[in-house]
Amino acid sequence: MVAKIRVRCPDGAICGICFTEALRTHGRCPVCGDERLLPGRRPDGTAICRNCAGITRPEMQCVRCETEAERFRGGACARCVVTEDLESLLKPTTPPDLRLVRLVQALASAERPESIYTWMRGKRARELLTAIGEREIELTHD
């Protein structure tokens, strides 16, 4: 099987699997010592940061929070998209409800916000979140 090309860079094409892996690799760059996204590779395969690898592609930074991450929708990272979608459904500030603000924060801060996004796309989850946001269902631990 041949992987589909996701992006073309000056030094070659990158398949979707490698591109996604590069945008989910974080840590301390062994070259400069900065703690950040490590999408580049040394000749020996060691992951290094964008600056040390000479990567200037803007697709590696969220247009909203400026975090180095894969763009998910409209140039925003998955965490920003999930936050926006949750705020739209739950309406935590109309009227203000600190419990809903905390729920948005808890869901959006998941290790993999893409999983929350996928869950929210389901009919039952969307109905539940909408009912909570419309204040038709009281927000309780039950």
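Up top you'll find the structure we're talking about.
Please read these numbers as outputs of a predicted model, since none were measured by experiment. Residue numbers run consecutively from 1 along every chain, following the written order of its sequence. Given that the model is predicted, a residue must reach a pLDDT of at least 70 before its local features are reported, and side-chain atom pairs must reach 80 or more before they are shown or counted; all residues, however, enter totals for whole chains, interfaces and linings. Hydrogens are left out, water is left out, and the side-chain values use all remaining heavy atoms of the structure.

Overview of the overall build of the chain
- For helices the rule is a DSSP run of H or I covering at least 4 residues; for strands it is a run of E covering at least 2, with both sets numbered from the N terminus onward. Within the chain, the secondary structure is distributed over 6 helices and 8 strands.
- Radius of gyration means the value over C-alpha atoms here, while the globule rule gives 2.2 Å times the residue count to the 0.38 power. Over its C-alpha atoms the chain spans a radius of gyration of 19 Å, topping by over 25% the 14 Å that the globule rule assigns to 142 residues.
- With respect to the principal axes defined by its C-alpha atoms, the chain has extents near 55 × 35 × 25 Å.
- The long-range fraction of contacts in the chain, counting pairs at least 24 apart against all pairs at least 6 apart in sequence, stands at 31%.
- Shrake-Rupley sampling with a 1.4 Å probe provides the accessible areas, and residues are treated as covered by the protein chains on show and by no other component. Of the roughly 9300 Å² of accessible surface on the chain, a fraction of 52% belongs to carbon and sulfur atoms.
- His is not counted, nor are the chain ends; Lys and Arg add positive charge and Asp and Glu add negative charge. Taken as the charge centre is NZ of Lys, CZ of Arg, CG of Asp or CD of Glu, depending on the residue. Positive and negative side-chain charges in the chain, numbering 23 and 20 respectively, have mean positions lying 4 Å apart. Any pair of residues with heavy atoms lying within 4.5 Å of one another is described as a contacting pair.

Observations regarding the nonpolar core
- As used here, the term nonpolar core means buried Ala, Val, Leu, Ile, Met, Phe, Trp, Tyr and Cys residues forming a set that is joined through side-chain atoms within 4.5 Å. For every residue, the accessible area (1.4 Å probe, protein chains only) is compared with the maximum for its type, and the residue is labelled buried under 20%, exposed over 50%, or partly exposed between those bounds. Among the nonpolar cores identified, the biggest contains 19 residues, and Val82, Leu86, Leu90, Met120 and Leu129 are the most heavily contacted of them.
- Listing elements by their share of this core, those giving two or more residues are strand 8 (76-77), helix 3 (78-90), helix 4 (98-108), helix 5 (113-121) and helix 6 (123-133).

Notes on the packing of helix 5 against helix 6
- Only the stretch in contact is used when a helix axis is fitted, and all axes are lines through C-alpha atoms; the angle between N-to-C directions ranges over 0 to 180 degrees. The interhelical angle for the contact between helix 5 and helix 6, taken along N-to-C directions, is 90°, at an axis separation of 5 Å. As summarised for this structure, helix 5 and helix 6 are arranged roughly perpendicular, according to the angle between their axes. The segment helix 5 lies against helix 6, with Trp119, Met120 and Arg121 engaging Lys123, Ala125, Arg126 and Leu129.
- For the contact of helix 5 with helix 6, a count of residues per class yields 4 nonpolar, no polar and 3 charged. Each angle gets one of four labels, with under 35 degrees taken as roughly parallel, over 145 as roughly antiparallel, 65 to 115 as roughly perpendicular, and the rest as oblique. As a working rule, the residues Ala, Val, Leu, Ile, Met, Phe, Trp, Tyr, Cys and Pro are called nonpolar, Asp, Glu, Lys and Arg charged, and the rest polar, with Gly in that last group.

Details of the pattern of salt bridges
- Any carboxyl oxygen of Asp or Glu that lies within 4 Å of a side-chain nitrogen of Lys or Arg is treated as forming a salt bridge with it. This model, assessed by the stated rule, comprises 11 salt bridges.
- A salt bridge links Glu84 to Arg64; the shortest N-O distance between them is 2.7 Å. Linking Glu84 in helix 3 with Arg64 in the loop between helix 2 (50-53) and strand 7 (71-73), this pair joins segments that are 20 residues apart in sequence.
- For Glu84, a relative accessible area of 36% corresponds to the partly exposed category.
- Between Glu114 and Arg112 there is a salt bridge, with its nearest N and O atoms 3.7 Å apart.
- A relative accessible area of 38% places Arg112 in the partly exposed class.

Brief notes about the side chain of Arg50
- Position of Arg50 relative to the elements: it lies in helix 2.
- Judged by its relative accessible area of 9%, Arg50 is buried.
- With residues near it in sequence (within four places) discarded, Arg50 still touches Arg36, Leu37, Pro39, Ile55, Thr56, Arg57, Met60, Gln61 and Glu68.

Regarding a nonpolar patch on the surface
- The patch calculation keeps residues exceeding 30% relative accessible area without a salt bridge and links them within 9 Å when they carry like charges or within 5 Å when they are nonpolar (Val, Leu, Ile, Met, Phe, Trp, Tyr). On the surface, a nonpolar cluster with roughly 260 Å² of combined accessible area is contributed by Trp119, Leu128 and Ile137.
- Inspection of the secondary structure puts Trp119 in helix 5.
- Trp119 sits in the partly exposed class, given a relative accessible area of 40%.

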